[in-house]
Amino acid sequence: MRRYTYGPVLSRRLGRSLGIDLVPYKTCTFDCVYCQLGRTTNKTVERREYLPVRSILREIEEFSWERIDYITLAGSGEPTLNSKIGEVIEGIKSISSTPVAILTNGSLLGMRSLQDEISSADLVIPSIDAASQRIFEMINRPHRSLRIRSIIEGLRAFRERFSGEIWLEVMLVKGLNDAPDEIELLKSMIEDIGLDKIQLNTVVRPPCEDWVLPLDEREMRAVCNLFRGRAEIIGVSQAADVGHERVAEVRSQILELLGRRPCTIEDVSGTIGLHRNEALKQITILEKEGLISSRVFEGVRYFRAR
Ligand code: SF4
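Residues numbered from 1 in each chain as written. Predicted model: local features only at pLDDT ≥ 70, side-chain atom pairs only at ≥ 80, totals over all residues. Heavy atoms only, no water.

## Examining the nonpolar core
Move 1: Counting residues in each nonpolar core, the largest one holds 73 residues, and the members touching the most others are L73, I118, I190 and L200.
Move 2: In this structure L200 touches V170, L172, M220, V223, C224, F227, A231, E232, I233 and I234, once residues within four positions along its chain are discounted. (Core = buried A, V, L, I, M, F, W, Y, C linked by side-chain atoms within 4.5 Å. Buried < 20%, exposed > 50% of the residue type's maximum accessible area, 1.4 Å probe, protein only. Contact = heavy atoms within 4.5 Å.)

Next up, the structure:
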């Protein structure tokens, strides 16, 4: 079983993407209420080599190359916490011409050392969900040392030095960060940064907190209008999964397992030998189709077949 790579995962934004994990499960500077991976178990701002770069690169080398649109540093936590992220990017560049994307919560982008390390990436997708410290703390539950103003200024500094594309993602949670005054404040703080795209997302996968709700299409459009043409709405493209050669097999394995007992994402991923993110994606689709249901017990979400 692969330990550090997963996919290819199909997504509307990045096409066929090979995912790379750079940190252990839920090692993150945030503990977002909407996190699809569950609650953060290691909230930290300490950068170090959490997973061994040599092993990661060896696994990437062993990957049987098919058509891949991006190699994406993302996975199970905040990838920029790995202090050897620069070596990973260099290593990838030496074995492949596939563009490298980084999915990050943006909290460390103001660090000059990190800016240097990731300068040869092709695309960085940071997320910023709030402009005020109060909403930032409510939605992202950050490490106590982090301030949203500094993070936004860090993004500005990064933009000045980074020649690749930056697509900013804003995750919207109903009743939490979707008020017009919060959106207007966010817009005013980011509009002159020089972002290549601003993408609005909402909660489409099971969040770690049960009370977290998505915006509906009309509400998403209303928020989008506040950006006056600068933003676009993104979402999960379920259709993109059709044709993935393993989908039918994986779906029936998941249904069979969940018919026997309630399981967490980790149970499914460990039992079937799927990466957590792949398991999550298929479970989300099955839940939307009404084939499985879920409930939270003591902060952990369990799924079972209907
Ligand atoms: S930044 Fe990403 S990995 Fe970290 S808690 Fe938020 S959603 Fe989860």
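## A few points about the confidence of the model for the protein chain
Move 1: The pLDDT averaged across the protein chain works out to 91; a share of 96% of its residues lies at or above 70.
Move 2: Contacts from residues 236–243, a stretch scored under 50 in pLDDT, to residues over four places away or in other chains number eleven contacts. (pLDDT = per-residue confidence, 0-100.)

## Some details on the domain arrangement of the protein chain
Move 1: One can read the domain layout of the protein chain as domain 1 (5–233) and domain 2 (247–305).
Move 2: Between domain 1 and domain 2, the C-alpha centre-to-centre distance is 25 Å.
Move 3: Every contact between the two is made by 19 residues of domain 1 and, on the other side, 14 residues of domain 2.
Move 4: Here the side of domain 1 that touches domain 2 gets six residues from one element, more than from any other, and that element is strand β1 (residues 5–11). (Domains from an automatic or database assignment. Helix = DSSP H or I, 4+ residues; strand = E, 2+ residues; numbered from the N terminus.)

## A word on the site of the ligand
Move 1: As a structural note, the neighbourhood of the ligand is formed by K26, C28, F30, D31, C32, Y34, C35, T40 and N105.
Move 2: Each residue belonging to the shell around the ligand can be placed in one class, and the counts come to five nonpolar, two polar and two charged. (Near = heavy atom within 4 Å. Nonpolar A, V, L, I, M, F, W, Y, C, P; charged D, E, K, R; others polar.)

## Brief notes about the packing of aromatic side chains
Move 1: Going through the model one piece at a time under the given rule, you end up with two aromatic pairs.
Move 2: Ring plane angle 75° and centroid distance 5.5 Å describe the contact between F30 and F136, whose orientation is recorded as edge-to-face. In this pair, F30 is assigned in the loop between β3 (27–28) and β4 (42–43) and F136 in helix α4 (residues 133–140), connecting sequence segments 106 residues apart. As far as burial versus exposure is concerned, F30 and F136 are alike and both buried.
Move 3: With centroids separated by 4.7 Å and ring planes inclined at 20°, the aromatic side chains of F158 and F162 adopt a geometry described as stacked. Each member of the pair F158 and F162 is classed as buried.
Move 4: Lying across the ring of W167, K197 places its NZ or CZ 4.0 Å from the centre. (Phe/Tyr/Trp six-rings, centres within 6.5 Å; stacked < 30°, edge-to-face > 60°. Lys NZ or Arg CZ within 6 Å of the ring centre and 35° of its normal.)

## A look at the pairing of strand β9 (residues 197–202)
Move 1: Among the six residues that make up β9, five are buried, leaving the element largely enclosed by the rest of the structure.
Move 2: Pairing geometry for strand β8 (residues 165–172) and β9, over six bridges, is parallel. Each bridged residue has a counterpart across the sheet, and for M171 the counterpart in β9 is N201.
Move 3: In this fold, β8 hands off to helix α6 (residues 180–190), which returns the chain to β9; that crossover is right-handed.
Move 4: Read from β9 through helix α7 (residues 217–226) to strand β10 (residues 231–233), the crossover connection turns out right-handed. (Pairing = 2+ DSSP bridges. Right-handed = clockwise from strand over helix to strand, strands pointing away.)

## Quick look at the sheet that holds β9
Move 1: Ordered in space as β1-β2-β5-β6-β7-β8-β9-β10, the eight strands form an open sheet in which the pairing is mixed. With one partner strand each, in any of the chains shown, β1 and β10 form the two edges of the open sheet. Across the sheet, the axes of successive neighbouring strands diverge by a mean angle of 25°, strand direction being ignored.
Move 2: Across three bridges, strand β5 (residues 70–74) lies against strand β6 (residues 100–104) in parallel orientation. Bridged to T72 within β6 is A101. (Axes fitted to C-alpha atoms, helices over the stretch in contact; angles between N-to-C directions.)

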